[in-house]
Amino acid sequence: MARSAHPLRAGAGLAPFFKAASIAVVGASDEVTKIGGRPVHMLIKHGYAGAVYPINPKGGLIQGLPAYASVRDTPVAPELAILAVPASATPAALRDCAARGVKAAIVLSAGFTEAGPDGAALQAELVHIAREHGMRVLGPNCLGAVNVADRLIGSFSIALEEHMPPAGHVGIVSQSGNVGSHTMQSVARRGMGVSRFIATGNEADVDVADGIAALADDPDMHIILCCMETCRDADKLISALRLARERGKPVIVLKIGSTEKGQQAAASHTGALTGSDAVIDAVFRRHGVLRVRSVEALIDIGHAASLLMPKRLPRNDAVTLVAASGGFGIMMADAMSEAGIALPALAAHTQQRIRDAVPTASTGNPVDASAQMSSRPDILLKMLTALLEDPSDSALVLFMSLSLYNTRLRGIYLEALAQVRASHPDRLLMIISQGPADAVEQINALGIPVFSSIDAAATGLAGLLRLGQLRAAGEPDASAADAPPAEPVDSIIFQNEFHAKQALGNVGIDVPREVIAADADAAVRAADAIGYPVVLKIASEDVAHKTEAGGVVLDVANAEGVREAHARILANVARHAPTARIDGVLVAPMLRGGTEMIAGVSQDPVFGPIVMVGMGGIYAEVLNDVAVQAAPVTEDEAMAMIRSLKMFPILDGARGRPPADIEAAARSVARLSEFAFRHRDHIADIDMNPILVRPRGQGAVVLDALMIARAAPATAE
């Protein structure tokens, strides 16, 4: 696992970016359209209360403020410096800031790691200066930081040139400046207030984990929206996510770069290596983070969550749908079903209450309430009350089409919604409507989310449901993950399958009774002792794929067959790999009666050992039916991984098959993950393939295993 490059905890030292009492703008310009002019202009325009010191070698006045030739000349040491000078001049400017006692600096300039080796050297120099003087540096190549309430603007974002977003309780942290700026504008347009914004750019020092931690510690923050391209430091990210969870601040992340081409784009854009998308997904789930797949979903779900937190998140995966049109009801039902949300039948007494309110309504789910439901506020109130009091305890989604554009209908809907919200303050009610904006704002003020389309509502409800589930799940036990690395393993475990399985057996994973036979006579004696039928396999560290080399013979029934199989295996391997080192031939029992699975561990460059589990045969590779999680995992987590597989019904007794011993399989996966994590400095990969999962109560046995050593770190000559 990548260890923290910075000696401080996540979020430490970031206060000056948001609370500085004085700011120096190095490279300040009188031209408000230039990068060095915009921060000065916006600080003045929007009413920042602290001192602003423009820094420009020419001195004089800049935008009406006295300018200083150097930050060393300011009347007092600024707490924050904004650097808007060319990349080549930035190290010298940062040294001046350090000498003056500046606590933190925002480097807006580009031309660093993203520009090639020379730029990378300049960026490394910035890091050295920051570490040497105990400064925090945001950027370079970033859009800076903003504290909306205090009008502190360390940014050149055009989103702030004319208007500030309203102050509020949403925090935004983004690696991409433009994506983050777009998110801030979208949040403001939805009527949500913003507390703080931070865009981390190249992340020479301050990274996205620092941003999350700083926002989590902000008492004005209720919800954190994050736009992430990559993670550079696993420990810091996990620490930040834990802090957000402890503080009760939901984190919703738009993680971009999930496809191969997207990952390549992220690398060229940020100069960073992107880790496995499935791994980051698993880490998010473990630590209660909701991942979304679009900016629209980030805003929709973030807005809805800000209205519903903490009491009105979905209580179960069920929804009741109501519309004045059967066609729209069917479309809603399709979208919700595709999103994995159930549509329970209404109770008989609920159906009667609906008919009492609207005699022409159909009482299925979705409810086709006809236009009569909106003829009077009391009728609509009766129907909505009946649905919210149905014993299914499901969310209620009301489709309003263009009704709010009609003055009469708008009045009826708003009156009924206000009354039902007052009478049922803890129930989840959502609206689908395209506006108008002022009517939507009135509904939002009641604590009722409004989605602009049926698909957006389905995605939003599914996201809110997942957010509630993630928040309800307890933080996993971190004690095993805090264990220091173990002593070096005996290198013999990398030699062949037999020794790999012996090591697994020593940590409580079930492996067969096996013998390595040096010759045919020894193989016969081993088979006689084990009991027929048996399997013979080549034992060689140079033959990883034994079947392809002709090094496996199954179902050998007697001593004569053992001798013949022994000779055939040696001949095949000699042709396939004539220089291979041969340790002997492995004799093992021929086991039947179960379902094959695979499990393994590999090293992620950021998150360290990653445990994987999947179905055997073609399913894992061809159907991509695998689950992953950062090691170590508990037995409960291993069980959840197994249950998440598409082919899990095969293990669970589909079509009359006996249910498999998934509890034993989960124990094996958990013990594998613990073993791999303890030996993370010495073992690169472990494969247990296949694992024979027998019927319930009969255990799970590892039939084959492979371990690969980590390469020794390169040493300078």
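This one's a predicted model, so the numbers in the text were calculated from it and none came from an experiment.

1. Observations concerning the overall build of the protein chain
Then, number 1: Summing up its helical and strand segments, the protein chain has 23 helices and 29 strands in all.
Then, number 2: The principal-axis extent of the C-alpha atoms belonging to the protein chain is close to 95 × 80 × 35 Å.
Then, number 3: Burial statistics for the protein chain: of 717 residues in total, 55% are counted as buried.
Then, number 4: Put simply, of all contacts in the protein chain between residues at least 6 apart along the chain, 72% involve residues at least 24 apart.

2. Some details on the confidence of the model for the protein chain
Then, number 1: Of all residues in the protein chain, 93% attain a pLDDT of 70 or more, and the chain-wide mean is 90.
Then, number 2: With pLDDT under 50 throughout, residues 1–5 is counted as low confidence; its partners more than four residues away or in other chains account for 19 contacts.

3. Some words on the sheet that holds strand S9 (residues 152–154)
Then, number 1: Across the sheet, which stays open at both edges, the 7 strands sit in the order S9-S8-S11-S10-S12-S13-S14 with mixed pairing between neighbours. The strands lining the two open edges of the sheet, one partner per strand, are S9 and strand S14 (290–292). Sheet twist, expressed as the mean angle between neighbouring strand axes with direction ignored, is 15 degrees.
Then, number 2: Note that strand S13 (residues 251–255) and S14 share 3 bridges and pair parallel. Following the sheet pairing, Val 253 is matched in S14 by Arg 291.

4. Topic: the pattern of salt bridges
Pairing is possible between side chains of opposite charge, provided their charged atoms come close.
Then, number 1: For the structure on display, the rule yields 34 salt bridges.
Then, number 2: In this structure, Arg 232 engages Glu 203 in a salt bridge whose closest nitrogen and oxygen atoms are separated by 2.5 Å. In this pair, Arg 232 sits in the loop between strand S12 (223–228) and helix H7 (234–246) while Glu 203 sits in the loop between strand S11 (194–199) and helix H6 (208–216), placing the two residues 29 residues apart along the sequence.
Then, number 3: Since its relative accessible area comes to 27%, Arg 232 is described here as partly exposed.
Then, number 4: Using a relative accessible area of 6% as the deciding quantity, one classes Glu 203 as buried.
Then, number 5: Of the charged contacts, one joins Asp 210 and Lys 236 as a salt bridge, the two residues approaching to 2.6 Å between their closest N and O atoms. Here the residue Asp 210 occupies a position in helix H6, and Lys 236 occupies one in helix H7, the gap between them amounting to 26 residues.
Then, number 6: Since its relative accessible area comes to 1%, Asp 210 is described here as buried.
Then, number 7: Overall, the relative accessible area of 4% leaves Lys 236 in the buried class.

5. Remarks on the environment of Val 289
Then, number 1: Locating Val 289 in the fold gives a position in the loop between helix H9 (277–286) and S14.
Then, number 2: Taking the C-alpha atoms as reference, Val 289 lies 36 Å from Asn 506; in sequence the two are 217 residues apart.
Then, number 3: With sequence-adjacent residues up to four places away left out, Val 289 is seen in contact with Leu 241, Val 251, Val 253, Phe 284 and Leu 470.

6. Focus: helix H21 (residues 635–643)
Then, number 1: Those residues of H21 that sit buried are Glu 637, Ala 638, Met 639, Met 641 and Ile 642.
Then, number 2: Buried residues belonging to H21 abut H9, strand S24 (595–604), strand S25 (608–615), strand S26 (626–630), helix H22 (648–651) and helix H23 (662–678).

7. Some points on the packing of aromatic side chains
Then, number 1: Within the structure shown, the criterion is met by 2 aromatic pairs.
Then, number 2: Relative to Tyr 68, the ring of Tyr 53 has its centre 5.9 Å away and its plane inclined at 80 degrees; by these criteria the two rings are edge-to-face. Of this pair, Tyr 53 sits in strand S2 (residues 51–55) while Tyr 68 sits in the loop between strand S4 (65–66) and strand S5 (80–83), and the two are 15 residues apart along the sequence. In this structure, Tyr 53 and Tyr 68 share a single accessibility class: buried.
Then, number 3: Here Arg 680 stacks its cationic end above the ring of Phe 677, 4.0 Å away from the centre of that ring.

8. Overview of the packing of helix H12 (residues 348–357) against helix H13 (residues 377–388)
Then, number 1: Orientation of H12 relative to H13, taken along the N-to-C sense of each, is 175 degrees, at an axis distance of 9 Å. One way to sum up the angle between H12 and H13 is to call them roughly antiparallel. Counting all contacts with H12, which are made through Thr 350, Arg 353, Ile 354 and Ala 357, the residues of H13 involved are Ile 379, Lys 382, Met 383, Thr 385, Ala 386 and Leu 387.

9. A short note on the layout of surface pockets
Then, number 1: Of the voids in this model, the largest pocket is the one considered here, and its volume is about 880 Å³.
Then, number 2: As for the largest pocket, its lining consists of 37 residues, of which Lys 546, Thr 547, Asn 689, Pro 690 and Asp 704 are closest to the centre.
Then, number 3: Every element with two or more residues in the lining of the largest pocket is listed here: helix H17 (497–505), strand S21 (534–539), strand S22 (552–556), strand S23 (584–589), strand S27 (683–693) and strand S29 (705–709).
Then, number 4: For the lining of the largest pocket, the class distribution of residues is 22 nonpolar, 6 polar and 9 charged.
Then, number 5: Empty space within the second largest pocket amounts to approximately 720 Å³.
Then, number 6: Top contributing element to the lining of the second largest pocket by residue count: H9, with 5 residues.
Then, number 7: For the lining of the second largest pocket, the per-class residue count stands at 11 nonpolar, 6 polar and 9 charged.

10. A word on the packing of helix H18 (residues 520–530) against helix H19 (residues 559–576)
Then, number 1: Packing of H18 against H19 leaves a shortest axis separation of 9 Å and a crossing angle of 135 degrees. The angle between H18 and H19 places the two elements in the oblique class. Handedness of the H18/H19 crossing: right-handed. Along the contact surface, H18 presents Ala 520, Asp 521, Ala 523, Val 524 and Ala 527, while H19 presents Ala 559, Val 562, Arg 563 and His 566.
Then, number 2: Grouping the constituent residues of the contact of H18 with H19 by class yields 6 nonpolar, 1 polar and 2 charged.

11. Considerations on the environment of Arg 293
Then, number 1: Its location among the elements puts Arg 293 in the loop between S14 and helix H10 (295–308).
Then, number 2: Linking Arg 293 and Ala 503, residues 210 residues apart in sequence, is a C-alpha distance of 41 Å.
Then, number 3: Looking at Arg 293, its side chain comes within polar contact range of the side chain of Asp 281, at 3.4 Å.

12. Describing the nonpolar core
Then, number 1: Residues Phe 17, Ile 212 and Phe 607 are the most contacted members of the largest nonpolar core, which totals 114 residues.
Then, number 2: When near neighbours in sequence (up to four residues on either side) are disregarded, Ile 212 contacts Val 173, Ile 224, Cys 226, Leu 237, Ala 240, Leu 241 and Val 251.
Then, number 3: The next biggest cluster of nonpolar side chains, apart from the first, holds 43 residues, and it includes Leu 504, Ile 686, Ala 700 and Met 707.

13. A word on the sheet that holds S21
Then, number 1: Pairing within the open sheet is antiparallel, and its 4 strands lie in the order S20-S23-S21-S22. If you trace the sheet from one side to the other, it starts and ends with strand S20 (515–517) and S22, each paired once. Averaged over all adjacent pairs, the angle separating strand axes in this sheet is 25 degrees, with direction ignored.
Then, number 2: As judged from the 3 bridges shared by S20 and S23, these two strands associate in the antiparallel manner. From the neighbouring strand, Val 515 faces S23, where its bridge partner is Val 587.
Then, number 3: Strands in contact with H18 are S20, S21 and S23; relative to S23, the strand with the most contacts, it is inclined by about 15 degrees.
Then, number 4: Helix-sheet contacts for H19 involve S21, S22 and S23, and the interaxial angle to S21 is about 25 degrees.

Conventions and cut-offs
Residues numbered from 1 in each chain as written. Predicted model: local features only at pLDDT ≥ 70, side-chain atom pairs only at ≥ 80, totals over all residues. Heavy atoms only, no water. Helix = DSSP H or I, 4+ residues; strand = E, 2+ residues; numbered from the N terminus. Buried < 20%, exposed > 50% of the residue type's maximum accessible area, 1.4 Å probe, protein only. Contact = heavy atoms within 4.5 Å. pLDDT = per-residue confidence, 0-100. Pairing = 2+ DSSP bridges. Axes fitted to C-alpha atoms, helices over the stretch in contact; angles between N-to-C directions. Salt bridge = Lys/Arg side-chain N within 4 Å of Asp/Glu carboxyl O. Phe/Tyr/Trp six-rings, centres within 6.5 Å; stacked < 30°, edge-to-face > 60°. Lys NZ or Arg CZ within 6 Å of the ring centre and 35° of its normal. Parallel < 35°, antiparallel > 145°, perpendicular 65-115°, else oblique. 1 Å grid on protein atoms, 1.4 Å probe; cavity = no way out; pocket = protein on both sides within 12 Å on 5 of 7 lines; lining within 4 Å. Points joined across faces, edges and corners; volume = space filled by probe spheres on them. Nonpolar A, V, L, I, M, F, W, Y, C, P; charged D, E, K, R; others polar. Left-handed = near helix turned anticlockwise from the far one by under 90°. Polar contact = N/O pair within 3.5 Å; in protein donor to acceptor, adjacent residues only side chain to side chain. Core = buried A, V, L, I, M, F, W, Y, C linked by side-chain atoms within 4.5 Å.

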